[in-house]
Amino acid sequence: MSTIVAGHFQLQDDVDNARRELVRAGFPEDRISAFFLNQPGQHDQTAIGGDNMQSPGAKETPEGVVAGAATGGAIGVAIGAATSVVTGPAGPIVGGLVGAHVGSLFSLSKMKDAGETEEGSNANRYEPRQSGMLIAVAAERPDDETRAIEVLRGLGSHHIERAKGTIEGGDWTDFDPLSIPVLV
């Protein structure tokens, strides 16, 4: 495993130029990897696609739906029963259904906002990687890392990050798009 230095660019031409400059700076071609990074949620990490089986911050939503539907349904039945003189025997039924539906919307208040903490999890706390073109180079020695950062900065790369990993044959074999980037 090596230290990987990676930089983001907007255009493919910028990545191609960065590859040429990294080779000119002494990095072997097979230790450089360039690829497009999909936007968060589209990394196909699960069997059904996407990044997670459940959205971060939505773990408490099922409990909120059940609690809201039960409470709203009970209130709706009570109101329907109280107004059954006017609405007839359908009043409690319709009141219960409408109350359950409105109460289930209570689950929206159980969702977490971006950055809000969640018990036992770091999900939803950190900014994910931005999508776009990414070029990465394996730096075997500390001076290689410094040189790679200088080349990428000089070419206008933004969000330069450092990671541990393996680049073989031009492919970053253990890249995890969901890992938290460590910006340089």
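Residues numbered from 1 in each chain as written. Predicted model: local features only at pLDDT ≥ 70, side-chain atom pairs only at ≥ 80, totals over all residues. Heavy atoms only, no water.

This part is about the overall build of the protein chain. Across its full length, the protein chain carries 5 helices and 7 strands. Secondary structure elements in the protein chain, listed N-terminal to C-terminal, are β-α-β-α-α-α-β-α-β-β-β-β. Taking all 184 residues of the protein chain together, 35% fall into the buried category. In the protein chain, 74% of the contacts between residues at least 6 apart in sequence involve partners at least 24 apart. For the protein chain, the computed accessible surface area is about 10800 Å², with 57% contributed by carbon and sulfur atoms. (Helix = DSSP H or I, 4+ residues; strand = E, 2+ residues; numbered from the N terminus. Buried < 20%, exposed > 50% of the residue type's maximum accessible area, 1.4 Å probe, protein only. Contact = heavy atoms within 4.5 Å. Areas by Shrake-Rupley, 256 points an atom, 1.4 Å probe, with all protein chains shown as cover.)

This paragraph deals with the environment of Ala 81. For Ala 81, the location among the structural elements is in helix α2 (residues 61–82). Since its relative accessible area comes to 41%, Ala 81 is described here as partly exposed. Separated by 14 residues in sequence, Ala 81 and Gly 95 place their C-alpha atoms 8.1 Å apart.

Where charged atoms from two side chains of opposite charge come close, those side chains can pair. Summed over all chains, the structure comprises 7 salt bridges. One salt bridge connects Arg 147 with Asp 144, and the closest N-O pair in it is separated by 2.3 Å. Taken together, the positions of Arg 147 and Asp 144, both in helix α5 (residues 142–154) and 3 residues apart, correspond to about one turn of that helix. Owing to a relative accessible area of 24%, Arg 147 belongs among the partly exposed residues under this scheme. Take Asp 144: its relative accessible area is 6%, and that puts it in the buried class. Residues joined by salt bridges that share partners form a network here, namely Arg 141, Asp 143, Asp 144 and Arg 147. (Salt bridge = Lys/Arg side-chain N within 4 Å of Asp/Glu carboxyl O.)

Taken together, 5 strands build an open sheet; the order of strands is β2-β3-β1-β4-β7 and the sheet is antiparallel. Among the strands making up the open sheet, the edge pair consists of β2 (32–37) and β7 (182–183). Looking at chain direction, β2 and strand β3 (residues 132–139) are connected through 6 bridges and run antiparallel. Opposite Ala 34, over in β3, you have Ile 135 as the bridge partner. Across the sheet, α5 touches β1 (2–9), β3 and β4 (158–165), and the angle it forms with β1 is around 5 degrees. (Pairing = 2+ DSSP bridges. Axes fitted to C-alpha atoms, helices over the stretch in contact; angles between N-to-C directions.)

What follows covers unusual backbone geometry. Positive phi, normally seen in glycine, also occurs at His 159, with a value near 55 degrees. Structurally, His 159 is set in strand β4.

Moving on, we come to the packing of aromatic side chains. Applying the stated rule across the entire model yields 3 aromatic pairs. With centroids separated by 4.7 Å and ring planes inclined at 55 degrees, the aromatic side chains of Trp 172 and Phe 175 adopt a geometry described as tilted. Just as Trp 172 is buried, Phe 175 falls in that class too. Three or more aromatic residues joined by ring pairs form one cluster here, namely Phe 35, Trp 172 and Phe 175. The lysine or arginine in question, Arg 147, covers the ring of Phe 27, its NZ or CZ lying 4.6 Å from the ring centre. (Phe/Tyr/Trp six-rings, centres within 6.5 Å; stacked < 30°, edge-to-face > 60°. Lys NZ or Arg CZ within 6 Å of the ring centre and 35° of its normal.)

Attention shifts here to the pairing of β3. Burial of β3 is extensive: 8 of the 8 residues sit out of reach of the surface. Across 7 bridges, β1 lies against β3 in antiparallel orientation. The partner of Val 5 across the bridge, within β3, is Val 137.

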